[in-house]
Amino acid sequence: MKTSIYKGIMTVIFSLTFILLSAQAPILIIDLDGNNNSAPAMAASFNNLAAEYDLTTTIPTDLSQYEGVFICLGIFSNNYVLSANDATIFVNYLNNGGSIYMEGGDTWFYDQTTALHPMFNINGIEDGTSDLSILAGQSGTLTEGMSFPYTGDNNWIDHISAIAPAVTIFNNQTPSYGAAVAYDAGTYKTIGASFEFGGLQDGSSPSTRDELM
């Protein structure tokens, strides 16, 4: 009898734990962009994909409940510049096995470097201008076969390249330069982009924002 009661109690505890964990959104969108260009597009894709997410306009101090964090920094002159304190929160999150996507037109070259930036294995090459055109996916990467016309904010777009073993996953077509880099560090994963997800225009499969997401 005691054994049966014990098993019953444990079953209830495990069931409640599963329900509570399932109720937590695994994805967080942090919208720091003054123009709020990408967050609504990200949310729309997550809705289409039936993925649970939270959306905030501030940086939480504790990110441990999230499997992935999407950071929207924006494009000059409505961009957000990460502080050292901001970076510490994200560094700790990555060091605990997290995954981050971060986009910003100035964060990779023009803005101050923080402790977070080297964790993307991105080399900021130059400040760039206003010449994003068509973003082409790269062969042998997760974006192979994709191509997106870009119509989003387009000022002083940083040119970037990958530091191996990171890989460039999007190149601007004309003029040609790196615009997004993916890095699997083994213990954490990152993607950094100098364009905005919200500026990508859907085409035919596989060139849709939902498929990219």
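This text goes with the structure placed above it.
Peer 1: Mind showing me how you'd approach the side chain of Thr208 here?
Peer 2: Within the element layout of this structure, Thr208 appears in the loop between strand S11 (189-193) and helix H4 (209-212). In this structure the side chain of Thr208 is engaged in a polar contact, spanning 3.0 Å, whose partner is the side chain of Glu211. For Thr208, the residues in contact, after removing those within four places along its chain, are Phe148, Asp202 and Gly203.

Peer 1: Honestly, helix H3 (residues 84-95) in this entry has me stumped. Any pointers?
Peer 2: At 3.6 residues per turn, the α-helix brings residues three or four places apart onto the same side. An ideal rise of 1.5 Å per residue puts 16 Å on twelve residues; H3 measures up with 16 Å between its terminal C-alpha atoms. Burial in H3 covers these residues: Asp86, Ala87, Ile89, Phe90, Val91, Tyr93 and Leu94. Contacts from the buried residues of H3 go to strand S1 (27-31), strand S3 (68-72), strand S4 (99-103) and S11. Backbone geometry just after H3 places Gly97 at a positive phi near 95°.

Peer 1: So what exactly am I meant to see when it comes to the packing of aromatic side chains here?
Peer 2: Any pair of aromatic rings gets described here by the distance separating the centres and the angle formed by the planes. As enumerated under the stated definition, the model contains eight aromatic pairs in all. Arranged with centres 5.3 Å apart and planes meeting at 80°, the rings of Phe46 and Phe70 form a pair that is edge-to-face. With Phe46 in helix H2 (residues 39-48) and Phe70 in strand S3, this pair connects stretches of sequence that are 24 residues apart. Aromatic pair Phe70 and Tyr101: ring centres 5.6 Å apart, planes at 35°, arrangement tilted. Of this pair, Phe70 sits in strand S3 while Tyr101 sits in strand S4, and the two are 31 residues apart along the sequence.

Peer 1: Looking at this structure, I do not really get the side chain of Glu103. What am I missing?
Peer 2: The residue Glu103 is located in strand S4 in this model. A distance of 2.6 Å separates polar atoms of two side chains, one belonging to Glu103 and the other to Tyr101. From its side chain, Glu103 meets the backbone nitrogen of Phe197 in a polar contact 2.9 Å long. Not counting residues up to four positions away in its chain, the partners in contact with Glu103 are Ser38, Met42, Ile71, Cys72, Leu73, Gly74, Ala193, Phe195, Glu196 and Phe197.

Peer 1: When you look at the environment of Val91 in this model, what are you seeing that I'm missing?
Peer 2: Inspection of the secondary structure assignment puts Val91 in helix H3. Overall, the relative accessible area of 13% leaves Val91 in the buried class. Spatially, the C-alpha atom of Val91 lies 5.5 Å from that of Leu116, the residues being 25 residues apart in sequence. What Val91 contacts, discounting residues up to four positions off in sequence, is Ala115, Leu116 and Met119.

Parameters at a glance
Residues numbered from 1 in each chain as written. Predicted model: local features only at pLDDT ≥ 70, side-chain atom pairs only at ≥ 80, totals over all residues. Heavy atoms only, no water. Helix = DSSP H or I, 4+ residues; strand = E, 2+ residues; numbered from the N terminus. Polar contact = N/O pair within 3.5 Å; in protein donor to acceptor, adjacent residues only side chain to side chain. Contact = heavy atoms within 4.5 Å. Expected span 1.5 Å × (residues − 1). Buried < 20%, exposed > 50% of the residue type's maximum accessible area, 1.4 Å probe, protein only. Phe/Tyr/Trp six-rings, centres within 6.5 Å; stacked < 30°, edge-to-face > 60°.

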